[in-house]
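# Per-entry structural report
The primary structure of each chain is shown beneath.
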Amino acid sequence: MSNNPLNAAALRGAVDLSALAKPARPAAPPAGAPTGQGGVSYVVEVDDRSFNEAAQQSMQVPVLLALWSSSQPQSRAHIDALAAIVNSYDGRLLLAVADITQALQLRQALQVQQVPMVLAIIGGQPLPLYAGDQSDDNIRAVLDQVLQAAQQNGITGRAQGFGAAPTEQEADEEPLNEYHERAFDAIEKGDYEAAIAAYNAALQANPDDEDARLGLGQVTLLKRTEGVDLAAARAEAAAAPTDVAKQTTVADLDVLGGHIDDAFARLIDLVKATAGDERNQAREHLIGLFDVVGAHDPRVKKARTALMSALY
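Predicted model, so just to flag it, every value in this text is computed and none were measured.

So, about the pairing of strand β3 (residues 94-99). Where a strand is regular, its side chains alternate between the two sheet faces. Among the 6 residues in β3, 6 count as buried, and that is most of the element. Of the two faces of β3, the one holding L94, A96 and A98 and the one holding L95, V97 and D99 are both buried throughout. Of the strand pairs in this sheet, strand β1 (residues 43-46) and β3 are connected by 4 bridges, and their pairing is parallel. Pairing of E45 across the sheet is with V97, part of β3. The handedness of the strand β2 (residues 63-68) to β3 crossover, carried by helix α2 (residues 74-87), is right-handed.

Right under this line is the structure:
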């Protein structure tokens, strides 16, 4: 597990891949599971974008972060059991649930090796709890310890619960574009080719669909880096400083890991060190990464200026 503080700052600087996740909504408790008083649930689904909001609530109430994977459906059973237990505490705890196939930055920040994985956040600081299935009695014992630790730190508030039924605002929301829905479903299954095809179809239907453009760039990045070993890629790039394929691979990994400035600087140096087709490949790859990070990001604006200087 990462030793970095698990708060909003832990993910700052990383490329925002939350566009690849379906919009998060409060989670209803599992069917037949007990809830808090009045049928209220204290469970919320989070992704990379909404996680920080849940973490900030840890200044008033202890927050549990439970990670599972839709690629391992059996890991959800434990999350549902945990949700039922948390709801029985009637707001003394808040449970944030994240699917690591969507919450890519959380998965990387926490270096998740096993799901389910559960930790507590008290006053913005992480407290590792356990990984793997646990009995209900063991879970309750752990949660009681979390509450004791929270009380010692002056965290004694109660969470605001969620009703199981959709709110009026949620009911009025427009349904997802069919192409985006298809892309989200493909990403959840790890089928990046299908997601790319869906985003391309969205852009053919509407060339001004910026969400599709951003999603296409990000899922293409995920496909390029799938299965790549970071240490080996860095070693190969260090041994071949002007090899476009090796340098662009490390730049991709740096962007995915949140080292945006490092990735841009690497490719700008590559543009300076190459000529002809190789230089053009490096330039085009860098421009593609600009689309992944987002045109309005100040790091992109800075790198565009540096690229112009490198070219001319």
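Next comes the rest of the write-up.
L64, L82, V86, L93, L95, L143 and V146 are the most contacted members of the largest nonpolar core, which totals 25 residues. Secondary structure elements with two or more residues in this core: β2, α2, β3, β4 (117-122) and α4 (136-152). At 7 residues, the largest contribution of residues to this core is made by α4. When near neighbours in sequence (up to four residues on either side) are disregarded, L95 contacts Y42, V43, V44, L64, A66, L82, A83 and V86.

Taken in spatial order, the 5 strands line up as β1-β3-β2-β4-β5 in an open sheet, and their pairing is mixed. Of all the strands in the sheet, just β1 and β5 (125-131) have a single pairing partner and so form its edges. Sheet twist, expressed as the average angle between the axes of neighbouring strands with direction ignored, equals 25°. Where β2 meets β4, 5 bridges bridge the pair, whose relative direction is antiparallel. The partner of L64 across the bridge, within β4, is A120.

Here the focus is helix α6 (residues 178-188). Within α6, the full set of buried residues consists of H180, A183, F184, A186 and I187. Along the axis of α6, the buried residues cluster in a sector spanning 165°; they form a single face. If you follow the buried residues of α6, they end up packed against α7 (192-205) and α8 (210-225). The positive-phi residue at the C-terminal boundary of α6 is G190, with phi of around 75°.

Take the packing of helix α9 (residues 230-239) against helix α10 (residues 244-256) next. Look at α9 against α10: their axes get within 9 Å of each other, and the N-to-C directions meet at 140°. Taken together, the axes of α9 and α10 lie oblique to each other. Relative to α10, α9 is oriented so that their crossing is left-handed. Here α9 contributes L230, A233, R234, E236 and A237 to the contact with α10, which in turn contributes K246, Q247, T249, V250, L253 and D254. When grouped by side-chain class, the residues that make up the contact of α9 with α10 number 5 nonpolar, 2 polar and 4 charged.

Attention shifts here to the environment of S75. Structurally, the position occupied by S75 is in helix α2. Judged by its relative accessible area of 2%, S75 is buried. Taking the C-alpha atoms as reference points, S75 and P116, 41 residues apart in sequence, are found 5.4 Å from one another. Among residues more than four places away in sequence, those in contact with S75 are W68, S69, V115 and P116. Engagement of the side chain of S75 in a polar contact is seen with the backbone nitrogen of S69, the distance being 3.2 Å. Within polar-contact distance, the side chain of S75 engages the backbone oxygen of Q72 at 2.7 Å.

Close inspection of predicted coordinates is inappropriate for parts of the model with low pLDDT. Mean pLDDT over the protein works out to 81, with 83% of the residues at or above the 70 mark. Per-residue pLDDT stays below 50 along residues 1-16; that stretch engages in 43 contacts with residues further than four places along the chain or on separate chains.

Taken as a whole and judged by the stated rule, the model has 1 aromatic pair. With centroids separated by 5.1 Å and ring planes inclined at 90°, the aromatic side chains of F264 and F290 adopt a geometry described as edge-to-face. With F264 in helix α11 (residues 260-273) and F290 in helix α12 (residues 276-293), this pair connects stretches of sequence that are 26 residues apart. As far as burial versus exposure is concerned, F264 and F290 are alike and both buried.

Okay, the pattern of salt bridges next. Within this structure, the stated rule accounts for 9 salt bridges. The closest approach of N and O atoms between R76 and E45, which form a salt bridge, is 3.0 Å. With R76 in helix α2 and E45 in strand β1, this pair connects stretches of sequence that are 31 residues apart. The closest approach of N and O atoms between D243 and K246, which form a salt bridge, is 3.5 Å. Among the residues examined, K246 registers a relative accessible area of 30% and is labelled partly exposed. In this structure, a network of salt bridges that share partners links the residues E45, R76 and D80.

Thresholds, definitions, all that
- Residues numbered from 1 in each chain as written.
- Predicted model: local features only at pLDDT ≥ 70, side-chain atom pairs only at ≥ 80, totals over all residues.
- Heavy atoms only, no water.
- Buried < 20%, exposed > 50% of the residue type's maximum accessible area, 1.4 Å probe, protein only.
- Helix = DSSP H or I, 4+ residues; strand = E, 2+ residues; numbered from the N terminus.
- Pairing = 2+ DSSP bridges.
- Right-handed = clockwise from strand over helix to strand, strands pointing away.
- Core = buried A, V, L, I, M, F, W, Y, C linked by side-chain atoms within 4.5 Å.
- Contact = heavy atoms within 4.5 Å.
- Axes fitted to C-alpha atoms, helices over the stretch in contact; angles between N-to-C directions.
- Arc of directions from axis to C-beta.
- Parallel < 35°, antiparallel > 145°, perpendicular 65-115°, else oblique.
- Left-handed = near helix turned anticlockwise from the far one by under 90°.
- Nonpolar A, V, L, I, M, F, W, Y, C, P; charged D, E, K, R; others polar.
- Polar contact = N/O pair within 3.5 Å; in protein donor to acceptor, adjacent residues only side chain to side chain.
- pLDDT = per-residue confidence, 0-100.
- Phe/Tyr/Trp six-rings, centres within 6.5 Å; stacked < 30°, edge-to-face > 60°.
- Salt bridge = Lys/Arg side-chain N within 4 Å of Asp/Glu carboxyl O.

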